Structure formats: C-alpha cells, structure tokens
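Per-entry structural report
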Amino acid sequence: MHFSGKITNSVLAHVSRQGAGMEGLYDLTDLPEEFLRDPSCWLESQKVEQFLGAVSREYGDRMGDWNLMESVGHNCHELWSWGVLDSVLRMMPNAQDVYQQPHRFLSYFVSPAPDLAQVHRESESIRFEMPWVAEEYPLTSEYLRAALEALPSYVGKQRAMVRWRGHQISIGWSDAQQSFFEDEDSDANFKPELVKTMRQSLELAQRELEERKRELVLKDFQIEKYRTQLENLVCLAENSQQGVREFSESRNFDGRLDLLKSQLRRLDDYMVRAQQLVTILVGQGRKDPQVHEAMKRVDWDYLRSTFPQLIKDMVASLVGLQTELRGAAIQMPSEQGTANSSDWPNRGNMNRQLNL
C-alpha cells in the first residue's frame, strides 16, 4: 500500500509555516526531498508512517503541539499542499458532496483506493468501515481523520465531527452550519454547470498526473530491484569463481597435471632410447628375415614416426586443460615455466643423427 505525497507535503508546509527550522528534517527519512514535497507522488505506507513519527518527535515538542498530525490536518485548507485537489475542493458547492462519496476523497491519499464496507448514509452523517484499523497507521490515520473534519473549511463552514475507532469511521455534519463568510461572499459566482465541468476537468488532470507518477515510482522500484539482482549475480559469480579456485586447489589439479606432463616426458625419453637400441642392433647386421618380419608386425616405422607428435599433442592437451582451470579460478596467472615445444629435444635432428 502507498500513501500520497499530499500528506508529507502538508507536514513540511505546516512545519515551515510555524517557523520551525528545517535543518536536519530530511535526515529523518531516506525518502528523497522531491518525493516528500510532490503532492502527486506515491510513497511506501510504512516509510510515510515512520517519517510522520520522526517529525512528530522532533518538532512536536519544539512547536508546543502535542498532536501535530491533527494540527496539520485541520489546517489543510490554508496550506495549499494538495495540488489540484485544493482547487477542486474550493469549487464544491458544499462539503456534504465530499462526505457522501468518502471513497473518492480517500483515493487521493491511499493507493490502491480502499474498499469501504458497511456504508450507511443519513441526512447529516455517514459511517463506514476501512480496510485497516487506525492503530495500524496511527499518525497517518490521525492526519486523515483531521483532514476529513476540516473539509467544510474549504467552503467557509465549521468543521465536521469525525471519529475513527478500529475499522469504523463516522462523520457528522450539519446543513445549518454557519459560514465564516458574509452572505454576499458566499453566493455562487459561477454557473453550476461551469463549476461542475471545471471540477471534473481538474479531477481528471489530477488522476492522470498521479497515474504517471505512480508509474514512475514503480519503475524506480523495478530499477532498484534489477540493480540489487545484478549485484547479487556479480557476488554469486565471484563466489563461484572462488569456489572453482578452492576446488581446484583442494584437488591439487596443477600438481597432478604437472606430474602427468613429467611422466609423458619420461615416456618420450624411453622411446628415444628404444629407437637408439633398435638402430644399434640393426646396424650390426642383425636385421635378418625374422627381425624384419617382427618389425613389420609391430609397424615399427609408423610407430617411430608418429610417436613424437603423439607425445606433443598429449602435452598440449594437458597444458590447455591447465589453462582452462586457471581461467575459471579467477584468471590466475599462467604457470611460470610451463612446458612448451621449445622445452623438448629436437626429435627430427636426433632422428637424422640416428639415420632412422
């Protein structure tokens, strides 16, 4: 649920009008100042209630006002803090028109508009039930109660009587209430049809403006939500990378891969020695038909020519796997002294020397 910026703007206007210093006032809440002073803006209900509580504690005693919210509500017609609604109310022929449609008035201050139950209308009174009890939002409820009482002041009449107990609100007024204005001042200066048309136009403009502000507030909330989600994703990614690194370190992948590369080097060295031994034996004239047949069966010429490249490919694969693991572990610096082709003996030169 959201409350209108008309409430916070009224409080700020009243405090300023009483001459109280505004220093530190905006430090009482994390709501932006432009939102607090915007009568067409919608604010989170809990944050508005907290702001009203902070202002009451900070400025109530300072201004000698034990019920600051009631004072703000009773002076609503003088503060001009409700935006277009102030002009609409001044065009009303009488306050009873507002009291007969309380949901319409409350929808300017509460979003979504409260669903009123058990509505009972009489000639000079009305009672209904609100969706929440006054104790749930005591300061906001007190402000709305006082503002409802002060509505006749817009047309120069005395205040009505409003009681809010639990869920139930009862409003009483008198058609015979004396006007604060002289009779000649209270005469209508406009045709009723013109007044009605102007009032409807102002209400429509107000509704459209508030709807746009509501959409902007929702978009701000969505942007903040997406920003939080993005931060969480970044944090999750960092934790995942840290997990990969810790997992890699715990399994000693680098050490095991280095061992495999060392064993491949040793195997390659064994193959070189075997080639040398075969060359020596064949060179002593022992390549008889039986030996020649044995070498053909094991495909010695193919094994001798492909084995060095096979070793190089296996080492390259191990190096690539090691690089990938390090990259996943927050791009750890590449291992110094990693074996490469230059670390290996030039097998071609060796083979040529052995005439293989």
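Residues numbered from 1 in each chain as written. Predicted model: local features only at pLDDT ≥ 70, side-chain atom pairs only at ≥ 80, totals over all residues. Heavy atoms only, no water.

Backbone-to-backbone hydrogen bonds pair the strands of a sheet. The strands run either parallel or antiparallel. Across the sheet, three strands lie side by side as β2-β1-β3; this open sheet has antiparallel pairing. Because the sheet does not close on itself, it has two edges, and the strands there are β2 (42-44) and β3 (110-111). When strand β1 (residues 2-4) meets β2, the two strands line up antiparallel, connected through three bridges. Bridge pairing in β2 links Phe 3 to Leu 43. Lying on the sheet, helix α1 (residues 5-17) is in contact with β1 and β2; it crosses β1 at an angle near 50°. (Pairing = 2+ DSSP bridges. Helix = DSSP H or I, 4+ residues; strand = E, 2+ residues; numbered from the N terminus. Contact = heavy atoms within 4.5 Å. Axes fitted to C-alpha atoms, helices over the stretch in contact; angles between N-to-C directions.)

Next up on the list: the side chain of His 74. Its location among the elements puts His 74 in helix α4 (residues 68-74). Of the residues examined, His 74 reaches a relative accessible area of 9% and is grouped as buried. Beyond its immediate sequence surroundings of up to four residues, His 74 is in contact with Ala 146, Glu 149, Ala 150 and Arg 159. (Buried < 20%, exposed > 50% of the residue type's maximum accessible area, 1.4 Å probe, protein only.)

Our focus in this paragraph is the side chain of Glu 142. Among the secondary structure elements, Glu 142 is positioned in helix α9 (residues 138-150). Within the local environment of Glu 142, its side chain forms a polar contact with the side chain of Arg 145, the two groups lying 2.8 Å apart. Ignoring anything within four residues of it in the chain, the contact list for Glu 142 reads Asn 67, Met 69 and Glu 70. (Polar contact = N/O pair within 3.5 Å; in protein donor to acceptor, adjacent residues only side chain to side chain.)

Below, the discussion takes up the packing of helix α3 (residues 45-59) against α9. At their nearest, the axes of α3 and α9 sit 8 Å apart, and the two run at 85° to each other. Judged by the inter-axis angle, α3 sits roughly perpendicular to α9. On α9, the residues touching Val 48, Glu 49, Leu 52, Gly 53 and Ser 56 of α3 are Pro 138, Leu 139 and Thr 140. Residues that form the contact of α3 with α9 fall into these classes: four nonpolar, three polar and one charged. (Parallel < 35°, antiparallel > 145°, perpendicular 65-115°, else oblique. Nonpolar A, V, L, I, M, F, W, Y, C, P; charged D, E, K, R; others polar.)

Membership of the largest hydrophobic core comes to 55 residues, with the highest contact counts inside it found for Trp 82, Phe 105, Phe 109, Leu 151 and Ile 171. The contacts of Phe 105, once residues within four sequence positions are left out, are Trp 82, Leu 85, Val 98, Leu 148 and Leu 151. In this structure, Leu 257, Met 295, Phe 307 and Leu 318 belong to the second largest nonpolar core, which totals nine residues. (Core = buried A, V, L, I, M, F, W, Y, C linked by side-chain atoms within 4.5 Å.)

The subject of this paragraph is the sheet that holds strand β4 (residues 117-122). Pairing in this open sheet of four strands is antiparallel, and the strands run β4-β5-β7-β6 from one edge to the other. The sheet is open, and its two borders are formed by β4 and β6 (161-165), each paired with just one other strand. Ignoring which end each strand starts from, the neighbouring axes of this sheet average 5° apart. In this sheet, strand β7 (residues 168-172) lies alongside strand β5 (residues 125-129) in antiparallel orientation, the contact comprising five bridges. Looking at the pairing, Glu 129 lines up with Gln 168 of β7. Packing against the sheet, α9 makes contact with β6 and β7, and its axis sits at approximately 155° to β6.

Considering all chains together, one arrives at nine aromatic pairs under this definition. In textbook terms, an aromatic cluster arises when at least three aromatic residues are bridged by ring pairs, as seen for Phe 3, Trp 132, Tyr 137 and Trp 164. The positively charged end of Arg 90 is found above the aromatic ring belonging to Trp 80, 3.8 Å away from the centroid. (Phe/Tyr/Trp six-rings, centres within 6.5 Å; stacked < 30°, edge-to-face > 60°. Lys NZ or Arg CZ within 6 Å of the ring centre and 35° of its normal.)

Throughout the structure, instances matching the rule amount to nine salt bridges. The salt bridge partner of Lys 47 is Glu 44, with a shortest N-O separation of 3.9 Å. Taken together, the salt bridges that share partners define one network made up of Glu 70, Glu 142, Arg 145 and Glu 149. (Salt bridge = Lys/Arg side-chain N within 4 Å of Asp/Glu carboxyl O.)

Let us look at the packing of α1 against α3. The packing of two helices is summarised by the inter-axis angle and the distance between the axes. Contact pair α1 / α3: the axes reach a minimum separation of 10 Å and the direction vectors enclose 15°. As judged from the angle between their axes, α1 and α3 are roughly parallel. In this structure, the crossing between α1 and α3 has a hand that is left-handed. For the pair α1 and α3, contact is made by Ile 7, Thr 8, Val 11, Leu 12 and Val 15 and by Val 48, Phe 51, Leu 52, Val 55 and Tyr 59, respectively. Taken together, the residues of the contact of α1 with α3 sort by class into nine nonpolar, one polar and no charged. (Left-handed = near helix turned anticlockwise from the far one by under 90°.)

Turning next to a nonpolar patch on the surface. Nonpolar side chains collect at one region of the surface, where Leu 230, Leu 233, Val 234 and Leu 236 lie side by side and expose about 390 Å² of accessible area between them. Looking at the element boundaries, Val 234 is found in helix α11 (residues 192-251). For Val 234, a relative accessible area of 43% corresponds to the partly exposed category. (Patch = residues over 30% accessible without salt bridge, like charges linked within 9 Å, V, L, I, M, F, W, Y side chains within 5 Å. Areas by Shrake-Rupley, 256 points an atom, 1.4 Å probe, with all protein chains shown as cover.)

Of the strand pairs in this sheet, β4 and β5 are connected by four bridges, and their pairing is antiparallel. The residue of β5 that forms the bridge with Arg 121 is Ile 126. Between β4 and the antiparallel strand that follows it, β5, lie two residues.

The share of residues in the protein chain with pLDDT of 70 or more is 73%, and the mean pLDDT across the chain is 77. The secondary structure element of the protein chain with the lowest average pLDDT is helix α15 (residues 347-354), at 41, and the one with the highest is α9, at 95. Segment residues 179-189 is flagged for pLDDT under 50; beyond a separation of four residues in sequence, or across chains, it makes seven contacts in the model. Residue range residues 330-356 is modelled with pLDDT below 50. Its contacts to residues more than four positions away, or to other chains, number 38 contacts. (pLDDT = per-residue confidence, 0-100.)

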